[in-house]
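Now for the letters of each chain:
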Amino acid sequence: MLCPDNVILTRTCAAFPEQYDAFDSHWNLIGYLRIRHGLFTVEAPDVGGGIVYKATTSSGTGYFNDDERPAFLDKAKAALSDFYNSVHTI
């Protein structure tokens, strides 16, 4: 079972767009996170996969404001955990 605390995020681009790869505790790629034009999306299992979370940010740009980043990344980890846990229980 995947829990949010076991999702590891690696920033692959700082801005325009700010993006991350997500890995499980065994370093298997499990997701792709990106913010572009103020829209934050989380795809699984990788870029081009299904969107498991999306939200509009206050920055309206290709990066998070520093005060909003932690909350959005926590929600992304939770969404990836929910996605993989529901897939594995079917």
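Our structure's up above, just so we're on the same page.
Let me begin by describing the structure that accompanies this report. The shown structure was predicted, so the numbers you read here are calculated from the model rather than taken from an experiment. (Residues numbered from 1 in each chain as written. Predicted model: local features only at pLDDT ≥ 70, side-chain atom pairs only at ≥ 80, totals over all residues. Heavy atoms only, no water.)

1. Some points on the overall build of the chain
Looking only at helices and strands, the chain features 1 helix and 5 strands. Listing the helices and strands of the chain from first to last along the sequence gives β-β-β-β-β-α. Over its C-alpha atoms the chain spans a radius of gyration of 12 Å, differing by no more than 12% from the 12 Å that the globule rule assigns to 90 residues. Counting only C-alpha atoms and orienting by the principal axes, one finds that the chain spans roughly 35 × 25 × 20 Å. In the chain, which comprises 90 residues, the proportion classed as buried is 40%. Total accessible area on the chain is roughly 5,100 Å²; 55% of this is exposed by carbon and sulfur atoms. On the chain, the mean spot of the 7 positive side-chain charges and the mean spot of the 11 negative ones are 6 Å from each other. (Helix = DSSP H or I, 4+ residues; strand = E, 2+ residues; numbered from the N terminus. Rg over C-alpha atoms; globule rule 2.2 N^0.38 Å. Buried < 20%, exposed > 50% of the residue type's maximum accessible area, 1.4 Å probe, protein only. Areas by Shrake-Rupley, 256 points an atom, 1.4 Å probe, with all protein chains shown as cover. Lys, Arg positive; Asp, Glu negative; His and termini not counted. Charge placed at Lys NZ, Arg CZ, Asp CG, Glu CD.)

2. Regarding the environment of Ser-86
Among the structural elements, Ser-86 can be located in helix 1 (residues 69-88). Along the sequence, Ser-86 and Met-1 sit 85 residues apart, while their C-alpha atoms lie 9.6 Å from each other.

3. Points about the sheet that holds strand 2 (residues 18-23)
Taken together, 5 strands build an open sheet; the order of strands is 1-2-3-4-5 and the sheet is antiparallel. Both edges of this open sheet fall to strand 1 (8-13) and strand 5 (50-56), since each of them pairs with a single strand only. With strand direction ignored, the average angle separating the axes of adjacent strands in the sheet is 20°. As paired strands, strand 4 (residues 39-44) and strand 5 are joined by 6 bridges and run antiparallel to one another. Paired with Val-42 across the strands is Tyr-53, a residue of strand 5. (Pairing = 2+ DSSP bridges. Axes fitted to C-alpha atoms, helices over the stretch in contact; angles between N-to-C directions.)

4. Here's the deal with the nonpolar core
Within the largest apolar cluster, 19 residues are counted, with the highest numbers of intra-cluster contacts made by Leu-33, Phe-40, Val-42, Tyr-53, Phe-64 and Leu-80. Those elements giving two or more residues to this core turn out to be strand 2, strand 3 (29-36), strand 4, strand 5 and helix 1. At 6 residues, the largest contribution of residues to this core is made by helix 1. In this view, Phe-40 contacts Leu-33, Arg-34, Ile-35, Tyr-53, Lys-54, Ala-55, Thr-57, Phe-64, Phe-72, Leu-73 and Ala-76; residues no more than four positions away in its chain are not counted. (Core = buried A, V, L, I, M, F, W, Y, C linked by side-chain atoms within 4.5 Å. Contact = heavy atoms within 4.5 Å.)

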